[in-house]
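# Structural description and commentary
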Amino acid sequence: MRTGMRAIAAGLLLTVLLASFAGCAGGAGKTDVTIYTGGTGGTYFPLGSRYAELLNEHSTNIEASAVTSGASVTNAKAIGTGECQAGLLQNDVAYYARTGTNMFDEAIPELQGVACWYPETIQFVVKADSGINSLADMAGKNVAVGAPGSGTVVACEQILQVAGVWDSITRFDLNFAEAASALKLGEVDAGFLVAGFPTSAIEELAVSEDVRIVEVPDSVLDGLHDAGYPFYVRQTIPSGTYGMSANVSTVAVQAMLGVGASVDEDVVYEMTKILFEQVDDLRATHTKANDISLESGLEGMSVIVHPGAIRYYEEMGVSVPSDLVG
């Protein structure tokens, strides 16, 4: 009898311990969400970092952290491997990742969309007295083309191929901050950035150097479309930006938030809800967040949308196109 009672007591103790452990895990029970952003000199990092803070402030279920990274291509691959749960990336790169084309050897079906955030502006920055007044003038020059593995490098190659100068440049694989420093020191003649303007790396450079953004003309935009790159759209950088005295006509793609398909639906629902309901806080972080809105969240979306995000859109009366539903 005593043996039986001891067995029962031991069983009860084990049950209590297991329940206690489960309760601790459930209490701690937040879902870790690592968000890959970009270089510290770009726009992804400050916005992604503040977004992670907002998730922590407004959700009891999410433990978010933002990490600097090589940006779009790196982030798509990291979502595919589960290295991160979410990331900011260009919509063109997201499409290539889902389809296994261009810079991706195989498709990344794990990548799904939450929302498009803002236009990412193509910015060829040079010193004002450089003598580089057109893309054609970059022939034979030293050009910082973007961080290794980034969508920036891909976009630079596409544009300069269409402009007919890619094969003649000397290529430097530098991120935004490194490109600005190299330009200041005269190590490169031009720096290429794909980021929402004003971009901090260029703003900081413009404090000590007069700079210009080189125009991307209609002929190059048409050539990009003809080459199978429909993601590029016309955009104007207004006078006053970086101290420039005139508007500059260039092109842009879209920045978007991607997530892994395996991330819990309730978690992505909360991520979407907090994004749009706390967007004013993001707008106080960077002016590009002024372009983030529920109404435009699906404009330019190039991959299927995560079910958690779809649930929020539908609750808010936003229709999700059928081709964006998995």
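Keep in mind the model is a prediction, meaning the values are calculated, not measured. (Residues numbered from 1 in each chain as written. Predicted model: local features only at pLDDT ≥ 70, side-chain atom pairs only at ≥ 80, totals over all residues. Heavy atoms only, no water.)

For the protein chain, the count of helices and strands is 11 helices and 10 strands. Here the protein chain holds 326 residues, and the buried ones make up 49% of them. Taking contacts inside the protein chain between residues at least 6 apart in sequence as the whole, the part at least 24 apart equals 73%. Accessible surface for the protein chain amounts to roughly 14000 Å². Of this, 52% is attributable to carbon and sulfur atoms. (Helix = DSSP H or I, 4+ residues; strand = E, 2+ residues; numbered from the N terminus. Buried < 20%, exposed > 50% of the residue type's maximum accessible area, 1.4 Å probe, protein only. Contact = heavy atoms within 4.5 Å. Areas by Shrake-Rupley, 256 points an atom, 1.4 Å probe, with all protein chains shown as cover.)

Turning to the side chain of His306, a few remarks are in order. By the element assignment, His306 lies in the loop between α10 (279–285) and α11 (307–315). Owing to a relative accessible area of 2%, His306 belongs among the buried residues under this scheme. Looking at His306, its side chain comes within polar contact range of the main-chain oxygen of Val263, at 2.9 Å. Once residues lying within four places of it in the same chain are set aside, the contact partners of His306 are Gln112, Gly113, Val259, Gly260, Ala261, Val263, Asp264, Glu265 and Val268. (Polar contact = N/O pair within 3.5 Å; in protein donor to acceptor, adjacent residues only side chain to side chain.)

At their nearest, the axes of helix α9 (residues 265–277) and α11 sit 7 Å apart, and the two run at 50° to each other. The angle between the axes of α9 and α11 places the two elements in the oblique class. As for how α9 packs across α11, the hand of that crossing is right-handed. Across the interface between the two elements, Glu265, Asp266, Val268, Tyr269, Thr272, Lys273, Phe276 and Glu277 from α9 touch Pro307, Gly308, Ala309, Arg311, Tyr312, Tyr313 and Glu315 from α11. (Axes fitted to C-alpha atoms, helices over the stretch in contact; angles between N-to-C directions. Parallel < 35°, antiparallel > 145°, perpendicular 65-115°, else oblique. Left-handed = near helix turned anticlockwise from the far one by under 90°.)

Here we take up the packing of aromatic side chains. By convention here, two paired aromatic rings are described through the distance between centres and the angle between planes. With the rule as written, the count across this model stands at eight aromatic pairs. On the basis of an interplanar angle of 90° and a centroid distance of 5.7 Å, the ring pair of Tyr51 and Trp117 is categorised as edge-to-face. Separated by 66 residues along the polypeptide, Tyr51 in helix α2 (residues 44–58) and Trp117 in strand β4 (residues 111–127) bring together distant segments of the chain. Neither residue differs from the other here; Tyr51 and Trp117 are each classed as buried. Connected via pairs of aromatic rings, a cluster forms that spans Tyr269, Phe276, Tyr312 and Tyr313. (Phe/Tyr/Trp six-rings, centres within 6.5 Å; stacked < 30°, edge-to-face > 60°.)

The next subject is the layout of surface pockets. When its volume is computed, the largest pocket comes out at roughly 210 Å³. Lining of the largest pocket is provided by 20 residues; of these, Gly38, Gly39, Gly70, Ala71 and Phe176 occupy positions nearest its centre. Broken down by secondary-structure element, the contributors of at least two residues to the lining of the largest pocket are α2, α5 (151–163) and β7 (190–195). The class makeup of the residues in the lining of the largest pocket is seven nonpolar, 12 polar and one charged. (1 Å grid on protein atoms, 1.4 Å probe; cavity = no way out; pocket = protein on both sides within 12 Å on 5 of 7 lines; lining within 4 Å. Points joined across faces, edges and corners; volume = space filled by probe spheres on them. Nonpolar A, V, L, I, M, F, W, Y, C, P; charged D, E, K, R; others polar.)

Moving on: the pairing of strand β1 (residues 31–36). As judged from the six bridges shared by β1 and strand β2 (residues 62–67), these two strands associate in the parallel manner. Paired with Val33 across the bridge in β2 is Ala64. (Pairing = 2+ DSSP bridges.)

Turning our eyes to something else, we now look at the packing of helix α6 (residues 176–185) against helix α7 (residues 200–208). Running from amino to carboxyl end, α6 crosses α7 at an angle of 20°, the nearest separation of the two axes being 9 Å. For the element pair α6 / α7, the angle class is roughly parallel. As α6 runs across α7, the sense of the crossing is right-handed. Taking contact as the criterion, the partners of Phe176, Ala177, Ala180, Leu183 and Lys184 in α6 are, on α7, Ala201, Leu205 and Ser208.

This part covers unusual backbone geometry. Of note, the amide linkage connecting Phe197 to Pro198 takes the cis form, showing an omega dihedral of -5°. Located in the positive-phi region is Asn102, a residue other than glycine, with phi close to 55°. In this structure, Asn102 sits in the loop between α4 (91–99) and β4. If you check the backbone angles, Tyr242 has positive phi at about 60° while not being a glycine. Residue placement: Tyr242 occurs in the loop between β9 (233–237) and β10 (248–260). Tyr242 gets classed as buried once you look at its relative accessible area, which sits at 9%.

So, to be careful, I would describe these as geometric facts and stop short of saying anything about function.
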